[in-house]
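A closer look at the structure
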Amino acid sequence: MAIENLHDFLTDYFTANQCEIIENQNGKLLIQLTDKMDELLMNRPFYWQYVKKLGYPGEPMKVTFITNPERTEEDGEWIHFGSPRIHQIFNTLTSQGKFTKLFEKVTGGQRTAMIPWLVVNVKISYNGKHKKDEVISIGLQLINGAMHTKMMDELTNIPFQNSISDFCYTLTPIIRLRSGFQRINNYLANYLETVDHSWARESWDHLEEEKILLERFYFESEDSEFENRFEHELKDLEARFKPHINIEVINGGLFYLSQLKSNRIII
Amino acid sequence: MNIQLNYDEQFINELDEKLNQDGPFSSWDLFKMSYQSCLATVTTEFKGLTAPDRLPHVNFLDHQLECAQQVVEEMSGRAILADEVGLGKTIEAGLILKEYMIRGLVKKALILVPASLVNQWVKELREKFYIPAISHRKRPVWDQNNIVITSIDTAKRPQHSDIILEQEYDFVLIDEAHKLKNHKTKNYQFVRSLKKKYCLLLTATPVQNKLTDIFNLVSILKPGYLGNYDEFTTQFGRDRKKLFNDAHLKQLIQKVMVRNRRQDTGIEWTKRNVQTVWIEFSEKELEAYHQLNQITSDTSNFSSITFTRELCSSREACYLSLKKLIAENENIQNKDDYIEFLKTIEQLPHHAKAEKVVDLIKDKDEKFIIFTEYRASQLYLQWYLQQHGITSVPFRGGFKRGKKDWMRQLFQNNVQVLIATEAGGEGINLQFCNNMINYDLPWNPMRLEQRIGRIHRFGQEEDVNIFNFAIKNTMEEHVLNLLYEKIELFERVVGNLDAILADLKIDDVEEEIQSIFKESGSVGEAKIKLENLSSVISYAQQNYGEENWDGNRESS
């Protein structure tokens, strides 16, 4: 479910943010920003401050983005996975897309019970001598406690909306939100027991090696100042090399799924 | 195993609150995209660099990538970057900084560079690396999370230094770090007291004079890593060669320093084919050469050795100098001999070397650069080539910028040959040409290297052919055989030769050779002296040869 096509991603992003796509062809995108998106992306706070003070309507900019590497010579901003603009957009998304409550879109006019799921996407960072990240998407069914660990992959093609469809009603969770989250944390702790931690061993070993080097140089000196410096250096080393794991929630929320879809996920 | 585990404790509180207040909630699209953008920015491997993929507009060289990788993977982000000049230390530093920023390990950085380079650094980091660096001037920015570039002189001013020293930097970089070699200076103490996680020191000359230079630099990165000052000097002394001779010290330093030299960059330097082209003077020319030798050895005029050199280049060069000598000096010894000799020159046929040039070039489609020492030879050659239907343009250091560019352009697009006297330093790029004739050899090997560097540089795609002309049985033969061949000048990229010459206290090789010829009573004596000179140089080279950091990477 990674971004496969940057062009489509951009198109979706601006559409989702109610911007008009004026032109869209062969890796070139001309967009009419809204006031809100102009303020968010174009980095001209004084202009907007001025406009608001005087009570004028602002004039949001049009921007051209180019995603086709063959066309980078043309007028417009070249967008690729390293360009500052895409990271600015990613940054807006971390807050724009963090919390949600969504309902599956159900048509057909029959009474449908909606099953609550707690969905939490987490980034696990393994920090030691080196660092790496792992992303896990967890869904917890809040009625029977079933858990799925590739949740976003399951959800990606299901239509959702922010309000509940006609003739649908929600079931009240049996597992409360916080204890559900605790279950997810427990799952992660168990999971982390099972992964290969040679990286941490390596980090400890490296830390020990560096300590020995330090000691060799410091303990031959009886100067008290050196004693202090040793302590200081030791702390420094531990800060850099002592292995630790950070679990950070990317985003999450409550998802209400029809019985049908809900059951499919559990199977 | 004991691994600290930190959970996200904030998220669930916020979600709970939002649910209680019923929003605001993100749409399904934005939620999905938020997740996707996270997937796009995480680094899922411990090792390797992710930065190059994010910078598709820059072509990094292998040694630059390896350096960045080595610093990140093995040196844990604290290192001296000590590549030789011109290999791209700035690029390496930028890559390392970028990698840490991508991995979320650096948010706040302080970059200290010479004042004159602040803007260049800002520009380079922004354009090449998309790192939003700012120079300090615009507003007080010390206490924010950002990448600040300033000069050390600005940073250490009292109104700034107090704030700066309170900051906890994720990354500190010092350019031209060899200026910090003295640990008693304020600059050194200032840098030493910065709070920092990762730290890079950039210098092309990590050890300039004394071995303690390296001690002081390392002590910024890892205070105590090499013990204290006294211990260090007791154990290793002050002789800078120890850095390369002492196995223990070398091993220690290799853990904190990356030093690429041109020859071990692993860059596909195209091959350098060097050929000596031996030329025989015609009988008349040889006769004249001996005659001139006879005349000049009778006078004590220091420049008289120049005349014979010039005769080896062209009749014209020698003729003009002699004319000038005669005109400017009323009472020189054997003035009559010189006047007589002018007549001899007038009788000489076309120069043997010039004929050789035509031989070499005339049937080829390729472009050639010809270097000569003398302007008179330059003009003569241009005329002589024209007579043989070979087009050429001249090039001199004295040309104005615009004329240089124009000549370069003519050479690239319209004519076959560029005839240059000493190129005048300012780097013109002539990589589109891969043949060079050293019509006369300079007597200073560094200058020869600079000549070759015009075409044998990044971007040269063909093997480079260097033709060195030398006339048999003349001083040219001696210099070529006894000096250049012996110090293997043509086989290696000079690299450390300037350092060696400085060590030997030879300021000017050219002068040295001139006085050898001048002060020698016979050809035999001159030969012996030349041989002595080259032995000294090649001995020094062997010692320097032990500066070997190749093991750096292989150990990894």
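Residues numbered from 1 in each chain as written. Chains lettered and ligands numbered in written order. Predicted model: local features only at pLDDT ≥ 70, side-chain atom pairs only at ≥ 80, totals over all residues.

**Focus on the overall build of chain A**
Within chain A, the secondary structure is distributed over nine helices and eleven strands. A total of 267 residues make up chain A; the buried ones form 30% of that total. Long-range pairs, those at least 24 residues apart, make up 68% of the contacts in chain A with a sequence separation of at least 6. (Helix = DSSP H or I, 4+ residues; strand = E, 2+ residues; numbered from the N terminus. Buried ≥ 20, exposed ≤ 12 C-beta atoms within 10 Å, placed from the backbone. Contact = placed C-beta atoms within 7 Å.)

**Section: the overall build of chain B**
Within chain B, the secondary structure is distributed over 26 helices and 14 strands. For chain B, the proportion of its 556 residues judged to be buried stands at 39%. Contacts spanning at least 24 positions in sequence make up 75% of the contacts within chain B whose residues lie at least 6 apart.

**A closer look at the environment of Asn414 of chain B**
All names here are of chain B. Its location among the elements puts Asn414 in the loop between helix 20 (401-413) and strand 12 (417-420). The class for Asn414 is exposed, based on 9 C-beta atoms found within 10 Å. Distance from Asn414 to Val393, taken between C-alpha atoms, is 9.6 Å for residues 21 residues apart in sequence.

**Regarding the interface of chain B and chain A**
Across the boundary between the two partners, chain B contributes 52 residues, which contact 68 residues of chain A. Listed by contribution, the elements that provide at least two residues to the side of chain B that touches chain A are strand 1 (4-6), helix 1 (10-21), helix 2 (28-41) and helix 3 (51-54) of chain B. If you tally residues by element for the side of chain B that touches chain A, the top one is helix 2 of chain B, at 14 residues. For the side of chain B that touches chain A, a count of residues per class yields 25 nonpolar, 14 polar and 13 charged. Both strand 11 (residues 244-258) of chain A and strand 1 of chain B contribute to a ladder of three bridges, which runs parallel. Along strand 1 of chain B, the bridge assignment pairs His244 of chain A with Gln4 of chain B. (Nonpolar A, V, L, I, M, F, W, Y, C, P; charged D, E, K, R; others polar. Pairing = 2+ DSSP bridges.)

**Details of the sheet that holds strand 1 (residues 20-25) of chain A**
Residues and elements named next belong to chain A. Within the open sheet, the four strands sit side by side as 1-2-3-4. Their pairing is mixed. Bordering the open sheet on either side are strand 1 and strand 4 (77-78), each of which pairs with just one other strand. Of the strand pairs in this sheet, strand 2 (residues 28-32) and strand 3 (residues 62-66) are connected by five bridges, and their pairing is antiparallel. Within the sheet, the bridge partner assigned to Leu29 lies in strand 3 and is Phe65.

**Examining the sheet that holds strand 12 of chain B**
Residue and element names in this part refer to chain B. Strand order in the open sheet formed by six strands is 9-14-13-10-12-11, with parallel pairing between adjacent strands. Sheet topology places strand 9 (272-279) and strand 11 (392-395) at the edges, where each strand pairs with a single neighbour. This sheet shows a mean twist of 20° between the axes of neighbouring strands, independent of strand direction. Sheet analysis places strand 13 (residues 435-438) next to strand 14 (residues 464-471), joined by four bridges and oriented parallel. Considered in strand 14, the bridge of Met436 is made with Ile466. Across the sheet, helix 18 (residues 352-361) lies against strand 9, strand 10 (368-371), strand 12, strand 13 and strand 14, angled at about 155° from strand 14, the strand it touches most. Relative to strand 14, helix 22 (residues 475-484) is tilted by about 135°, and along the sheet it contacts strand 9 and strand 14. (Axes fitted to C-alpha atoms, helices over the stretch in contact; angles between N-to-C directions.)

**Some words on the environment of Pro223 of chain B**
Structurally, the position occupied by Pro223 of chain B is in the loop between helix 10 (212-221) and helix 11 (229-236). In sequence terms Pro223 of chain B and Arg192 of chain B are 31 residues apart; their C-alpha atoms lie 8.6 Å from each other.

**Quick word on the nonpolar core**
All names here are of chain B. The biggest cluster of nonpolar side chains holds 63 residues, and the ones touching the most others in it are Ile111 and Leu201. By residue number, the principal contributor to this core is helix 5 (residues 89-102), which donates seven residues. In contact with Leu201, other than residues within four places in its own chain, are Ile80, Ile174, Ala177, Leu217, Ile220 and Leu221. Ranked by size, the runner-up nonpolar core spans 61 residues in total, among them Phe307, Ile370, Phe371 and Ala470. (Core = buried A, V, L, I, M, F, W, Y, C linked by C-beta atoms within 7 Å.)

**Comments concerning the packing of helix 5 of chain B against helix 6 (residues 118-129) of chain B**
All names here are of chain B. With their axes 11 Å apart at the nearest point, helix 5 and helix 6 run at an angle of 60° to one another. One way to sum up the angle between helix 5 and helix 6 is to call them oblique. Here the hand of the crossing between helix 5 and helix 6 comes out right-handed. Along the contact surface, helix 5 presents Thr90, Gly94 and Lys98, while helix 6 presents Glu124, Leu125, Lys128 and Phe129. Across the contact of helix 5 with helix 6, the residue classes tally to two nonpolar, two polar and three charged. (Parallel < 35°, antiparallel > 145°, perpendicular 65-115°, else oblique. Left-handed = near helix turned anticlockwise from the far one by under 90°.)

**Focus: helix 4 (residues 62-73) of chain B**
Taking 1.5 Å of rise per residue, twelve residues should cover 16 Å, and helix 4 of chain B covers 16 Å from first to last C-alpha, within 8% of that figure. Buried within helix 4 of chain B we find His63, Gln64, Glu66, Cys67, Ala68, Gln69, Val71 and Val72 of chain B. (Expected span 1.5 Å × (residues − 1).)

**Looking at the pairing of strand 2 of chain A**
On a regular strand, one side chain projects to one face of the sheet and the next to the other, so that they alternate. All names here are of chain A. Residues of strand 2 alternate between two faces, with Leu29 and Ile31 buried on one and Lys28, Leu30 and Gln32 left unburied on the opposite face. Here strand 1 pairs with strand 2 via five bridges, running antiparallel. The residue of strand 2 that forms the bridge with Asn24 is Leu29. Joining the antiparallel neighbours strand 1 and strand 2 is a turn of two residues, in which Asn26 adopts a positive phi near 45°.

**A short note on the pairing of strand 2 (residues 78-81) of chain B**
All names here are of chain B. Along strand 2, one buried face is formed by Arg78 and Ile80 and the opposite face, lined by Ala79 and Leu81, is buried too. Sheet topology note: the strand 2/strand 7 (residues 195-202) ladder contains four bridges and is parallel. In the strand pairing of strand 7, Ile80 is matched with Leu201. Examined bridge by bridge, strand 2 and strand 8 (residues 257-258) share two bridges and lie parallel to one another.

**A closer look at the confidence of the model for chain B**
In low-pLDDT segments, the atomic positions of the prediction should not be examined closely. Residues and elements named next belong to chain B. Confidence in the prediction for chain B averages 82 pLDDT; 87% of positions are at 70 or higher. Confidence over residues 546-556 falls short of pLDDT 50; this stretch has 14 contacts with residues more than four positions distant or in other chains. Complex prediction metrics read pTM 0.65 and ipTM 0.92. (pLDDT = per-residue confidence, 0-100.)

**Description of unusual backbone geometry**
Here the residue pair Gly23 of chain B and Pro24 of chain B is connected by a cis peptide bond, since its omega of -5° sits within 30 degrees of zero. You can see Pro24 of chain B is positioned in the loop between helix 1 and helix 2.

**Focus on the confidence of the model for chain A**
The pLDDT averaged across chain A works out to 89; a share of 94% of its residues lies at or above 70. Per-element confidence in chain A ranges from a low mean pLDDT of 71 for helix 8 (residues 224-241) of chain A to a high of 96 for strand 5 (residues 99-104) of chain A.

**Quick look at helix 6 (residues 177-194) of chain A**
All names here are of chain A. Relative to the 26 Å expected for 18 residues at 1.5 Å per residue, helix 6 spans 26 Å between its end C-alpha atoms, a close match to the ideal helical length. The complete set of buried residues in helix 6 reads Gly180, Phe181, Ile184 and Leu188. Angular distribution of buried residues about the axis of helix 6 spans 100°; they occupy a single face of the element. Facing away from the buried side of helix 6 by over 90 degrees, the exposed positions are Asn186, Asn190 and Glu193. (Arc of directions from axis to C-beta.)

**As for the environment of Thr11 of chain A**
Residue and element names in this part refer to chain A. Looking at the element boundaries, Thr11 is found in helix 1 (residues 6-16). Assessed through the 18 C-beta atoms surrounding it within 10 Å, Thr11 is described here as partly exposed. Taking the C-alpha atoms as reference, Thr11 lies 7.8 Å from Leu29; in sequence the two are 18 residues apart. Aside from chain neighbours lying at most four places away, what touches Thr11 is Ile21, Asn24 and Leu29.

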